[in-house]
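One-letter residues, chain by chain:
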There are 2 protein chains.
Amino acid sequence: MTVTSVHDPSHREALWELEDAFERGDLVSVFGRCTVSYEGRAASDLGAGDRLLVLKPDGAALVHTDEGRQPVNWQPPGSEHHAAVREGRLRVRSTRSNPDETLTVRFSDVHQLSAMAVTGGRDLTLHGSEEDLRTRILERPDLVEPGFEPRETERPSSAGPMDVFGVDAEGTPVVVELKRRRVGPDAVGQLARYVRALREELGGEEGDGASPAVRGVLVAPSLTDRAAERLAERGFDHVALDPTPEE
Amino acid sequence: MTVTSVHDPSHREALWELEDAFERGDLVSVFGRCTVSYEGRAASDLGAGDRLLVLKPDGAALVHTDEGRQPVNWQPPGSEHHAAVREGRLRVRSTRSNPDETLTVRFSDVHQLSAMAVTGGRDLTLHGSEEDLRTRILERPDLVEPGFEPRETERPSSAGPMDVFGVDAEGTPVVVELKRRRVGPDAVGQLARYVRALREELGGEEGDGASPAVRGVLVAPSLTDRAAERLAERGFDHVALDPTPEE
DNA sequence: ATTTATATGTCGACT
DNA sequence: AGTCGACGTATAAAT
């Protein structure tokens, strides 16, 4: 049997089950009425209500209400779970250091507690990421523009590694910045840093008006208005491209 | 009774419980062995393994493994849950539009299914946020510097609303950007945009070297090295301040 | 609906 | 341990 489960346990029964589950390294879920308090990077308090508490063997803790993708309170992996009965009620506390943080869940009622031994199956394969966009461009450089030749990926510079470095049909160096989705002005700033770094590296004195020709190309499905303005100011180009080919 | 719970149900029993739970608007958790596939903004596939599926009445769906704060797959609130038995196995599908996204969880075994009617208790009070930092500064402007006078919060500009606008002891306009924690270079860029916008608004032509005096102050607990460099380049100041007073 | 800034963001990679 | 950039980021506020 890989799952243990108790319905409407006493607080002491719940404590035993929890301690056993921690011992076994189980993934735990607790339904019940509780208050939650957190103190660490910030601090918060949550009044009594029905919630779902999830405790993972890697130390992660999640408190979920009936709404939202995000837990209302949580503790990151690497924390330590402790269960106790205080003043007749089940108290679950998850703590970590660096930074010091404590999450405390106090149950007035435990409705359901389940624990499952979890095995394997963490092999997620994700498609449509920035990685895919790069692959696509390396396979078909003409998608950037006719005559474009990629020379290097993750090319180092004083401003950090640039996504793709290459030359255009005229032999002019081109810095390509990849974004998997619609981008704002920050992406233009990032591209500008790489271009500036490369111009300096290639020998131009900054601001002498004769800096070496280096082009900047932003590859992204689309731009916000402000991003388009900034791109134009800098004299960079935009190539509309998705990480995955259209169906 | 607010909680229903079944242990090792048949796929058909699980289906009935799920449909009832959707009908009642319950918060649902399902332990079991399953495969997961997602298609939408990106696409992913996850092989067979033991996982926890959480289904919320607001449409959110979460697939959790034994590791990590984040679900390995999910669907945002506003999605629609559907359960069915296909080829003798429980299939839960969560779909939404704009963008079109589908999450499909196929169970080979359902170990435990629980559903709880959830009531209220969503009144989280959070402390230590940027909001707190602003409050703190408005109450004690001298924390920024002696003689500083806040004039406006969320003051509009062409670059968006600035956190705090005021004047220093000399009467020079000051733009204050607030960050609740250690900041990188992006925050300096944000502050620079506000300062530039304000200089233009106050009548200086950009780049004429005689733009009106406007100071920029970044209030944050600390800075990264690169952020400090950029701050110095721009001639802005840093004030070390936490959102909450030290104990 | 789109854009913008925040988040106890989380997470991975690299120094 | 600290820094940096990506994320199917999520989320809320404003336009």
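Every chain is numbered on its own, with residues counted from 1 as its sequence reads. Note on labels: chains are lettered from A, ligands numbered from 1, in written order. Restriction of local features to residues with pLDDT of at least 70 applies here, the model being predicted, together with a cutoff of 80 or more for giving and counting side-chain atom pairs; totals for whole chains, interfaces and linings are based on all residues. Neither water nor hydrogens contribute to the side-chain values; these are computed over all heavy atoms in the structure.

Engineer: Please clarify how the overall build of chain A should be interpreted in this entry.
Structural biologist: In this text, helices come from DSSP runs of H or I with a minimum length of four residues, and strands from runs of E with a minimum of two, each type numbered from the N-terminal end. Counting its regular elements, chain A contains four helices and 14 strands. Against the globule reference of 18 Å for 247 residues, chain A gives a C-alpha radius of gyration of 27 Å, more extended than a compact globule. Projected onto its principal axes, the C-alpha positions of chain A cover 75 × 40 × 30 Å. Note on classification: 1.4 Å probe, protein chains only; a residue is buried when its accessible area is under 20% of the maximum for its type, exposed when over 50%, partly exposed between these limits. Across the 247 residues that make up chain A, the buried fraction comes to 50%. The contact criterion used throughout is that any non-hydrogen atoms of two residues lie within 4.5 Å. Within chain A, contacts between residues at least 6 apart in sequence are counted, and of these 54% link residues at least 24 apart. Accessible surface computed for chain A: about 11600 Å², of which carbon and sulfur atoms make up 45%. Only four residue types enter the charge count, namely Lys and Arg as positive and Asp and Glu as negative; His and the chain termini do not. By convention, the point assigned to a charge is CZ for Arg, NZ for Lys, CD for Glu and CG for Asp. Taking the average location of the 30 positive side-chain charges in chain A and that of its 45 negative ones, the two points are 4 Å from each other. Computation of the radius of gyration draws on C-alpha atoms, with the globule rule given as 2.2 Å multiplied by the number of residues to the power 0.38. Exposure was quantified through the Shrake-Rupley algorithm and a 1.4 Å probe, taking into account, for residues, occlusion by the shown protein chains and nothing else.

Engineer: What am I meant to see in the sheet that holds strand 14 (residues 237–240) of chain B here?
Structural biologist: The strands making up a sheet are joined through hydrogen bonds of the backbone, oriented either antiparallel or parallel. Residue and element names in this part refer to chain B. In space, the five strands of this open sheet follow the order 10-11-12-13-14, with mixed pairing throughout. Only two strands of the sheet have a single partner each, and these edge strands are strand 10 (149–155) and strand 14. On average, each strand axis in the sheet is tilted by 25 degrees relative to the strand beside it, whichever way the strands run. In short, DSSP must find at least two bridges between two strands for them to pair. For strand 10 and strand 11 (residues 162–167), the ladder comprises five bridges, and the chain directions are antiparallel. In the strand pairing of strand 11, proline 150 is matched with glycine 166. Strands strand 10, strand 11, strand 12 (173–178) and strand 13 (215–220) of the sheet are contacted by helix 3 (residues 185–201), whose axis makes an angle of about 155 degrees with strand 12. To obtain each axis, a line is fitted to C-alpha atoms, and for helices this fit is confined to the stretch in contact; angles are then taken between N-to-C directions over 0 to 180 degrees.

Engineer: What's the story with the sheet that holds strand 10 (residues 149–155) of chain A in this structure? I'm lost.
Structural biologist: Residues and elements named next belong to chain A. Read across the sheet, five strands follow the order 10-11-12-13-14 without closing on themselves; strand pairing throughout is mixed. Every other strand in the sheet has two partners, leaving strand 10 and strand 14 (237–240) as the edge strands with one partner each. Strand after strand, the sheet turns through a mean of 25 degrees between neighbouring axes, direction not considered. Where helix 3 (residues 185–201) meets the sheet, it contacts strand 10, strand 11 (162–167), strand 12 (173–178) and strand 13 (215–220), and its direction lies at approximately 155 degrees from that of strand 12.

Engineer: So what exactly am I meant to see when it comes to the relation of the copies chain B and chain A here?
Structural biologist: Taken together, a rotation about one axis and a shift along it account for how the two chain copies relate. Of the transformation superimposing chain B on chain A, the axial component is 0.1 Å and the angular component is 180 degrees, with the fit at an RMSD of 0.2 Å. The transformation relating the two chain copies, once decomposed into turn and shift, fits a two-fold axis. Looking at the interface residues of chain B, 98% of them are also at the interface in chain A, so both copies use one shared face. Superposition of the copies used a least-squares fit over C-alpha atoms from residues whose pLDDT is at least 70 in both.

Engineer: Any chance you could explain the pairing of strand 8 (residues 101–116) of chain B here in plain terms?
Structural biologist: Two faces belong to every sheet, and in a regular strand the side chains alternate between them. Residue and element names in this part refer to chain B. Of all 16 residues in strand 8, 12 are buried, a share of seventy percent or more. Pairing of strand 1 (residues 3–7) with strand 8, which is carried by five bridges, proceeds in the antiparallel orientation. When the sheet's bridge partners are listed, histidine 7 is paired in strand 8 with glutamine 112. Pairing of strand 2 (residues 27–39) with strand 8 involves 13 bridges; the strand directions are antiparallel. Looking at strand 8, one finds that phenylalanine 31 is bridged to glutamine 112. Alignment of strand 7 (residues 89–96) against strand 8, held across six bridges, turns out to be antiparallel. Within strand 8, the residue paired with threonine 95 across the bridge is threonine 102.

Engineer: I would appreciate a short explanation of the protein's contact with DNA strand C in the present structure.
Structural biologist: If even one non-hydrogen atom of a residue comes within 4 Å of a molecule or strand, that residue is called near it. What surrounds DNA strand C is a group of 24 residues, the closest being Arg41(A), Arg182(A), Lys179(B), Arg180(B) and Arg181(B). Of everything in DNA strand C that lies within 4 Å of the protein, sugar and phosphate atoms constitute 83%. Contact between DNA strand C and Arg41(A): a base oxygen at 2.5 Å from a side-chain N or O atom of the residue. Separating a base oxygen of DNA strand C from a side-chain N or O atom of Glu101(A) is a distance of 3.2 Å. At the level of secondary structure, the elements contributing two or more residues to the surface near DNA strand C comprise strand 5 (73–75) of chain A together with helix 3 of chain B. For the surface near DNA strand C, the leading source of residues is helix 3 of chain B, giving three residues. Under the grouping applied here, Gly and all other residues not named as nonpolar or charged are polar, the nonpolar ones being Ala, Val, Leu, Ile, Met, Phe, Trp, Tyr, Cys and Pro and the charged ones Asp, Glu, Lys and Arg. Here the residues of the surface near DNA strand C sort into seven nonpolar, six polar and 11 charged. Here a polar contact is recorded for every N or O atom pair within 3.5 Å, except that within protein the pair must consist of a potential hydrogen donor and a potential acceptor, and residues adjacent in sequence are included only if both atoms are side-chain atoms.

Engineer: It is not clear to me how the protein's contact with DNA strand D should be interpreted in this structure. Could you clarify?
Structural biologist: Taken together, 25 residues are adjacent to DNA strand D, and Arg180(A), Arg181(A), Asn73(B), Trp74(B) and Arg182(B) come closest. Counting only atoms of DNA strand D within 4 Å of the protein, the fraction found in sugar and phosphate groups is 79%. Arg193(A) is positioned with one of its side-chain polar atoms (N or O) 2.9 Å from a phosphate oxygen of DNA strand D. Measuring from a phosphate oxygen of DNA strand D, one finds a side-chain N or O atom of Arg41(B) at 2.9 Å. Secondary-structure elements contributing two or more residues to the surface near DNA strand D are helix 3 of chain A together with strand 5 (73–75) of chain B. Examining the composition of the surface near DNA strand D, we find that three residues originate from one element, strand 5 of chain B, more than from any other. Here the surface near DNA strand D is built from residues that sort into six nonpolar, eight polar and 11 charged.

Engineer: Please explain the UniProt feature "domain: Endonuclease NucS N-terminal PH-like" (unreviewed entry) in chain A as it appears in this structure.
Structural biologist: In this structure's numbering, the residues bearing the UniProt feature "domain: Endonuclease NucS N-terminal PH-like" (unreviewed entry) are residues 27–117 of chain A. Helix makes up 0% of residues 27–117 of chain A and strand 70%, with an end-to-end C-alpha separation of 6 Å. UniProt positions are given in the numbering used here, feature names are shortened, and annotations may be inferred rather than shown by experiment.

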